[in-house]
Structure formats: C-alpha cells, structure tokens
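Observations on the model geometry
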Amino acid sequence: MSNFNSKDHPHTRLNPLTNEWILVSPHRSKRPWQGQVEKALVGERPKYDPSCYLCAGNERAGGHKNPDYKGTFVFTNDFSALLSDTPDGGVDEGDLFQAKSESGICKVICFSEDHSQTIPEMDVKDIRKVVDVWCEQYEELGRKDFVNYVQIFENKGVIMGCSNPHPHGQVWSSSSVPVEPAKESVAQKAYFEKHGRTLLGDYLQAELEKEERLLVQNDYFLALIPYWAVWPFEGMIISKRPVQNILQLNENERDGLADIYKKLTVKYDNLFETSFAYSAGLHQAPTDGKHHPEWHLHMHFYPPLLRSATVKKFMVGYEMLATPQRDITAEQAAQRLRDLSDVHYKAQINK
Ligand code: H2U
Ligand code: ZN
C-alpha cells in the first residue's frame, strides 16, 4: 500500500482546464517564517481626485474629457493594444517565422464614480451595474465580425501593475482566441465529447461534496480554491448552471454574480487587512459564431500575496524555467479564507 498523502508529500497536480501540471510542496510550508506580518499603511482615498484620469469630469490622455457620470462609465482605451482597422495579412516564412495580423477593440470600464471605492466595499446593487456593463460589452463587441473573443478583466493594486486605484476594469476583444481561453477550449471540448457534460459542471459537483476547497457560495455561484491552484490564494468563481457566457445569465444569476464577486473579495481583503491585489477575469465562450456547449462560464482570481500585505509570491526560477510550484496546499489556503469573517474589516472597525 502507498504511504503517499497529499498533505505531507511533494506531488504534482493536473489542471484539467489547461492540461498543465503544477508542483505542490506541502512539507516546505512547515519551515519557520520569521518575517513580520505587516499591514499595508495606505491612507483613505478621497471620493474625488482632481488628478485621476478616471474620475468624472476629468481629462484623460489626448484631451478626452470624462462625462459627469454616476455608476459605471465605459470608454475606448486611449492606448489600445489592439486596433479595429489592422490590415489583413501576416508573415509566413516556413516553420520558424510565423505572424498573423490581429484586430480588436480595447475598452476601460469605470466601476463607480466614487474614487475611494473597491469591489469589496461597493454595494451589491452597484456591482450589479458592472455585471450589466460586462454583458453589454460582451454582446456589443462579440457581435462584430472580426471579434472572436472578448476578454473582460480587472487588474487591482500597484503590485499587479494597476495604474490607478480608481475602481475599474478592462475589456480587450480580439480576432484570435487568446492563449489561455484557447487551452481551456480544447480541454473543455474533449471533456464534453467524452462525458456529455461540462468539465466545470462535474468539477463543481465534486467540490460541493468534498467541501475542503470551498470558500463562499450563493444560489447561483460557487467560489473556491481550485485543486490545481498555483498562486497561494488563487480563486475561481463558477456558475452553478452550465452557461456558456454571461448573456445566458438570468436576472437572478446576474445579481448572484455581483454578490459572489463581493463575497470573495471581502474574504481576500480580510486575509491581510489590506486592499488585496489581484488580476481577475471572466472566461467564457468565444464569439466566433459557433455553438460552444462545452464552455462553462467562470472567473479566475490570481492574487500574488503570500504572507502579508507586502510579501508576495514570486513566479521566478523553477516556475519560469520548469513548473509552477506552491508550498501551502490549496486546502490550507481555503481553510484560512473560510475561517475569516464575511464582513469587510473596514466595516467591522466602523461598526
Ligand atoms: P490598468 O487597469 O492596468 O490600470 O489600466 C488602465 C488603462 O487605462 C490602461 O490600459 C488606459 C491605459 O491604457 N488609459 C487611458 O485609456 N486613458 C488615459 O488617459 C490613461 C490610461
Ligand atoms: Zn478617480
């Protein structure tokens, strides 16, 4: 009989969404940590910042002026990485030099006119407006002939390269399906063809039974640390109903998405009592005009913090050259987040 147990012994785990493996080294998390557990000393932000390019009424690059908006506000990125009028063509010089023209549209979404807010501090009814904008953008951009994928995401926090604390996210739409969703497309299609059910539908059911990686849930969505998580507190939100994209969500499910987005990010902020940085984004079916029954709507959260408000995990060395590696297991990380209050730490202080 094998003495192996995944709580103590080094092992690799499969990410079935990408068909890639990660390395888990649980024995290493037992080594002592002598660093401080610091809280980030960040002052309160004003509700309006005259120097912020996302605040209502202010000027952006190129002389554009934001309207006096309330709630959400969407504009085309003034420094778009993709352009809608790229000429067709590319480079085709044998196996070694390949390039393809790429078109697309990039937008910025302000989540609120209130410069001081973040998702975990916003009311669910206001986050719902963000979900509605995501739906509008997926529909409007996805409808265009040259757009085959719509990537909605949020970069939060300076350590994630976010340029501005004003609550905002982005949408980049492109003519090709980008690398990460393309890998997930292949894996989900293979699973659906084999089982006749979505990969994430089956995964969600299994995790509901196992319980050890669950974080929070409501009637329509579940948030968990995936079995194959790479980042210490990596999270995933999965829709309980196997929908292919956000447009298929009904009114209650849209509210449910806003609710779980807040619930998960409140847990995150409470972990180190800091505004928890991450890159997060939706993954959903390509907008290539084809039917995608294999696709199952979900959202990834990739937060870099490891031990405190200032100590992050570095994806360097072995991770860059060989395989992504983690010390604390997904189960330990989930337990820590589960044990935290569901009330935002700032709201607890103000009570
Ligand atoms: P971050 O989410 O990474 O902070 O990016 C904000 C985007 O805002 C960034 O892509 C755009 C940048 O190009 N931007 C404008 O469109 N107009 C501006 O005046 C400044 C920044
Ligand atoms: Zn602002």
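Scroll up to find the structure this text is about.
Anyway, here's the lowdown on the structure attached to this text. (Residues numbered from 1 in each chain as written. Chains lettered and ligands numbered in written order. Predicted model: local features only at pLDDT ≥ 70, side-chain atom pairs only at ≥ 80, totals over all residues. Heavy atoms only, no water.)

1. So, the overall build of the chain
When helices and strands are counted, the chain shows 7 helices and 14 strands. Taken over the C-alpha trace, the chain has a radius of gyration of 21 Å; the compact-globule value for 351 residues is 20 Å, and the two agree within 12%. Projected onto its principal axes, the C-alpha positions of the chain cover 65 × 60 × 40 Å. Across the 351 residues in the chain, those meeting the buried criterion constitute 48%. Partitioning the intrachain contacts of the chain with sequence separation of at least 6 by distance along the chain shows that 68% fall at a separation of at least 24. When the accessible surface of the chain is totalled, it reaches about 17500 Å², and 54% of it is carbon and sulfur. If the 40 positive side-chain charges of the chain are averaged to one point and the 48 negative ones to another, these points end up 5 Å apart. (Helix = DSSP H or I, 4+ residues; strand = E, 2+ residues; numbered from the N terminus. Rg over C-alpha atoms; globule rule 2.2 N^0.38 Å. Buried < 20%, exposed > 50% of the residue type's maximum accessible area, 1.4 Å probe, protein only. Contact = heavy atoms within 4.5 Å. Areas by Shrake-Rupley, 256 points an atom, 1.4 Å probe, with all protein chains shown as cover. Lys, Arg positive; Asp, Glu negative; His and termini not counted. Charge placed at Lys NZ, Arg CZ, Asp CG, Glu CD.)

2. Overview of helix α6 (residues 330–338)
Inspection of α6 places Ala330, Glu331, Ala333, Ala334 and Leu337 among the buried residues, and these make up the whole buried set. Buried positions in α6, seen along its axis, are confined to an arc of 160 degrees and lie on one side of it. Next to the buried residues of α6 lie β1 (11–15), β9 (214–217), α4 (251–272) and β14 (325–326). (Arc of directions from axis to C-beta.)

3. Some details on the side chain of serine 308
Structurally, serine 308 is set in the loop between β13 (298–302) and α5 (318–321). Only 3.1 Å separates the side chain of serine 308 from the backbone nitrogen of valine 311, close enough to count as a polar contact. (Polar contact = N/O pair within 3.5 Å; in protein donor to acceptor, adjacent residues only side chain to side chain.)

4. Some points on the side chain of arginine 326
Following the sequence through the fold, arginine 326 ends up in strand β14. As a buried residue without a salt bridge, arginine 326 has its nearest oppositely charged side chain in glutamate 234, at a separation of 5.5 Å. Within the local environment of arginine 326, its side chain forms a polar contact with the backbone oxygen of proline 232, the two atoms lying 2.8 Å apart. Those residues in contact with arginine 326, other than ones at most four positions away along the chain, are Ile22, Leu23, Val24, Ser25, Ala229, Val230, Trp231, Pro232 and Ala333. (Salt bridge = Lys/Arg side-chain N within 4 Å of Asp/Glu carboxyl O.)

5. Section: the nonpolar core
Membership of the largest hydrophobic core comes to 51 residues, with the highest contact counts inside it found for Trp134, Ile237, Ile246, Leu257, Tyr261 and Phe301. Those residues in contact with tyrosine 261 that sit more than four places away from it in its chain are Phe111, Ile119, Ile127, Trp134, Glu154, Ile237, Tyr278, Met299 and Phe301. In this structure, Leu17, Leu200, Leu214 and Leu224 belong to the second largest nonpolar core, which totals 11 residues. (Core = buried A, V, L, I, M, F, W, Y, C linked by side-chain atoms within 4.5 Å.)

6. Side note on the coordination of the zinc ion (ligand 2)
Tetrahedral coordination by four donors places them ideally at 109.5 degrees to one another around the metal; octahedral coordination by six donors ideally gives 90 or 180 degrees. Surrounding the zinc ion (ligand 2) are the protein donor atoms Cys52 (SG), Cys55 (SG), His115 (ND1) and His166 (ND1), which sit 2.0 to 2.3 Å from the metal. Here the zinc ion (ligand 2) is ringed by 4 donor atoms whose angles at the metal span 103 to 114 degrees, and the overall shape comes out tetrahedral. Spacing between the donor residues of the zinc ion (ligand 2) along their common chain follows C-x2-C-x59-H-x50-H. With cysteine 52 in the loop between β2 (20–24) and β3 (73–76) and histidine 115 in the loop between β6 (104–110) and α1 (124–142), the pair connects residues that are 63 residues apart, well separated along the chain. Of the two residues examined, cysteine 52 and histidine 115, each falls in the buried class. (Donors = N, O, S within 2.8 Å, 3.2 Å for Na, K, Ca; no water. Tetrahedral: all angles 85-135°; square planar, octahedral: opposite > 155°, others 65-115°.)

7. Let's talk about the site of ligand 1
Neighbouring ligand 1 are 14 residues, the closest being Ala61, Asn77, Asp78, Ser163 and His168. For ligand 1, an oxygen atom lies 3.5 Å from a polar atom in the side chain of asparagine 155. In this structure, serine 163 approaches ligand 1 through a side-chain N or O atom, which is 2.6 Å from an oxygen atom. Summarising the interface, the protein chains cover 86% of the accessible area of ligand 1, which totals 480 Å² for the free molecule. Grouping the amino acids of the shell around ligand 1 by side-chain chemistry returns 6 nonpolar, 6 polar and 2 charged. (Near = heavy atom within 4 Å. Nonpolar A, V, L, I, M, F, W, Y, C, P; charged D, E, K, R; others polar.)

8. Description of unusual backbone geometry
Of note in this structure, asparagine 19 is not a glycine but carries a positive phi near 60 degrees. On the secondary structure map, asparagine 19 appears in the loop between β1 and β2.

9. Notes on the packing of helix α2 (residues 179–195) against helix α3 (residues 199–210)
Two elements in contact, α2 and α3, have axes whose closest approach is 8 Å; the angle formed by their N-to-C orientations is 80 degrees. Between α2 and α3, the angle falls in the class roughly perpendicular. Residues Ala187, Gln188 and Tyr191 of α2 lie in contact with α3, whose contacting residues are Leu199, Leu200 and Asp202. Each residue belonging to the contact of α2 with α3 can be placed in one class, and the counts come to 4 nonpolar, 1 polar and 1 charged. (Axes fitted to C-alpha atoms, helices over the stretch in contact; angles between N-to-C directions. Parallel < 35°, antiparallel > 145°, perpendicular 65-115°, else oblique.)

10. Some thoughts on the sheet that holds β2
Spatially, β1-β2-β14 is the arrangement adopted by the 3 strands of the open sheet, whose pairing is mixed. Strands at the two margins of the open sheet, each flanked by one partner only, are β1 and β14. The pairing of β2 with β14 spans 2 bridges and is classified as parallel. In the sheet register, valine 24 faces β14, and the bridge partner there is arginine 326. (Pairing = 2+ DSSP bridges.)

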